[in-house]
Protein chains: 2
Amino acid sequence: VAKKPKLLSDLFHDTLKDVYFAENKILKTLPKMAKAAQSKDLKAAFVKHEKETRGQVKRLQQVFRILGKPARAKTCDAILGITGEGAEIMKDYKGMPALDAGLLAAAQAVEHYEMSRYGTLRAWAGELGMPDAVALLEATLMEEKATDAALTTLAKSVVNVEAEHAL
Amino acid sequence: VAKKPKLLSDLFHDTLKDVYFAENKILKTLPKMAKAAQSKDLKAAFVKHEKETRGQVKRLQQVFRILGKPARAKTCDAILGITGEGAEIMKDYKGMPALDAGLLAAAQAVEHYEMSRYGTLRAWAGELGMPDAVALLEATLMEEKATDAALTTLAKSVVNVEAEHAL
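Conventions we followed
Residues numbered from 1 in each chain as written. Chains lettered and ligands numbered in written order. Predicted model: local features only at pLDDT ≥ 70, side-chain atom pairs only at ≥ 80, totals over all residues. Heavy atoms only, no water. Least-squares fit on C-alpha atoms with pLDDT ≥ 70 in both. Contact = heavy atoms within 4.5 Å. Buried area = accessible area lost by both parts, 1.4 Å probe. Salt bridge = Lys/Arg side-chain N within 4 Å of Asp/Glu carboxyl O. Polar contact = N/O pair within 3.5 Å; in protein donor to acceptor, adjacent residues only side chain to side chain. Helix = DSSP H or I, 4+ residues; strand = E, 2+ residues; numbered from the N terminus. Nonpolar A, V, L, I, M, F, W, Y, C, P; charged D, E, K, R; others polar. Buried < 20%, exposed > 50% of the residue type's maximum accessible area, 1.4 Å probe, protein only. 1 Å grid on protein atoms, 1.4 Å probe; cavity = no way out; pocket = protein on both sides within 12 Å on 5 of 7 lines; lining within 4 Å. Points joined across faces, edges and corners; volume = space filled by probe spheres on them.

Engineer: Looking at this model, I keep getting lost on the relation of the copies chain B and chain A. Mind explaining?
Structural biologist: Both copies of the chain are tied together by a single rotation about an axis and a shift running along it. Superposing chain B onto chain A takes a rotation of 180° plus a shift of 0.0 Å along the axis, which leaves an RMSD of 0.0 Å. Seen this way, the second copy is the image of the first under a two-fold rotation axis. Looking at chain B, 100% of its interface residues are interface residues in chain A too, so the copies touch through the same face.

Engineer: Help me understand the interface of chain B and chain A in this model?
Structural biologist: The parts lose accessible area when they come together, and the size of an interface is often stated as this lost area. The partner chain A presents 40 residues to the 40 residues of chain B that form the contact. Of the roughly 3300 Å² buried between chain B and chain A on both sides combined, carbon and sulfur atoms contribute 59%. Here chain B is connected to chain A by four salt bridges. Here Glu-85 of chain B makes a salt bridge to Arg-117 of chain A, at a shortest N to O gap of 3.0 Å. Across the contact surface, chain B and chain A share 20 residue pairs in polar contact (both at pLDDT 80 or more). Every element with two or more residues in the side of chain B that touches chain A is listed here: helix H1 (8–36), helix H3 (77–92), helix H4 (99–127) and helix H5 (131–166) of chain B. Among the elements that take part in the side of chain B that touches chain A, H4 of chain B stands out by supplying 13 residues, more than any other. The residue makeup of the side of chain B that touches chain A, split by class, is 19 nonpolar, seven polar and 14 charged.

Engineer: In this structure, what is going on with the pattern of salt bridges? I would like to understand it.
Structural biologist: Note that side chains of opposite charge can pair when their charged atoms are close. Across all of its chains, the model carries 16 salt bridges over all chains by this definition. Between Glu-50 of chain A and Arg-54 of chain A there is a salt bridge; the shortest N-O distance is 2.7 Å. Taken together, the residues Glu-50 of chain A and Arg-54 of chain A, both in helix H2 (residues 40–67) and four residues apart, mark about one turn of the helix. Sharing partners across several salt bridges, the network here consists of Asp-18 and Arg-117 of chain A together with Glu-85 of chain B.

Engineer: Teacher, can you tell me more about the side chain of Thr-53 of chain B here?
Structural biologist: All names here are of chain B. When you line up the elements, Thr-53 lands in helix H2 (residues 40–67). On the accessibility criterion, Thr-53 (0% relative accessible area) is buried. Filtering out sequence-adjacent residues up to four positions away, Thr-53 remains in contact with Glu-23, Ile-26, Leu-27 and Leu-30.

Engineer: Explanation requested: empty space enclosed by the protein in the structure shown.
Structural biologist: A probe as big as a water molecule, rolled over the atoms, marks out the empty space that is left. With the rule as written, the count across this model stands at three cavities of 30 Å³ or more. In this model, the largest cavity occupies a volume close to 210 Å³. Taken together, 16 residues make up the lining of the largest cavity; nearest its centre are Asp-18 and Lys-74 of chain A together with Glu-85, Glu-88 and Ile-89 of chain B. Elements that contribute at least two residues to the lining of the largest cavity include exactly helix H1 (8–36) and helix H4 (99–127) of chain A together with H3 and H4 of chain B. In terms of residue count, the dominant contributor to the lining of the largest cavity is H3 of chain B (five residues). Looking at the lining of the largest cavity, its residues break down into five nonpolar, four polar and seven charged. Within this model, the second largest cavity holds a volume of roughly 110 Å³. Elements that contribute at least two residues to the lining of the second largest cavity include exactly H1, H2, H4 and helix H5 (131–166) of chain A. A per-element tally of the lining of the second largest cavity places H1 of chain A first, with four residues. A breakdown of the residues in the lining of the second largest cavity according to their chemical character gives eight nonpolar, four polar and one charged.

Rendered as structure tokens:
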């Protein structure tokens, strides 16, 4: 039996399910990172991003609706690997001066994965002629970029705090 | 027994081992992606990046030397997850019109992970007062960014080719 050809629309749908899984995983991970963080500012950044992530999950549900498909998740090994490394940092650096720097790096790895996925999905939605989906994916992409920039700024102050402690 | 405090220098060393593992894994993955790619330009892009990656592995070895530590890899679950998704695309989209779009997306996820890691390592090398390491990490970060931009350009032409086939 000849297989049905898999087109860009199939790839878009598959990748949407992958990102839906990823966002839901991130939603479970952020409170743990907020709890683990030593710096008040870093805790606040994780709490803020958790709230944003809830909105991003809703946007994905809207994109599923545009596609006329149920919002379903498909296991995303990439986010499991990336958040697994974050969990390792929380364990290995618990109570250690470099914990927050490690949490920040783990969070930025997550943000970069998401930026890559949303950039791809946005481009595909454009090719597939779905302007409403483009707008939704673009909105989230901009939020992820802003979060990444905020984490970069925070990383500088966190590292400086460690340097001061070491004096 | 009180644990030795883990400082930014420990985190830098741990993350360097993680990226060293990732680059070596990518080096094994790129020839498979080049073989799988349907477009000649995409094949060429993967072959070119394989060559670049060899240089990036050497730069990491130089950073280990600056640290006075042996170049050792530490299993990086993130890259295993990310490349695992690429392998899934190769399997599920083999011979399908959307294969190249999927390979490109997988490669960009890898690039984004690396950009995040090299951005972090470069910042930490600066904080730790290692200007030679900063320069090495910066050189690789610029290469990864250029590769990602080239893949974005290629993604547009690959998707357009599929659209033409579908006419």
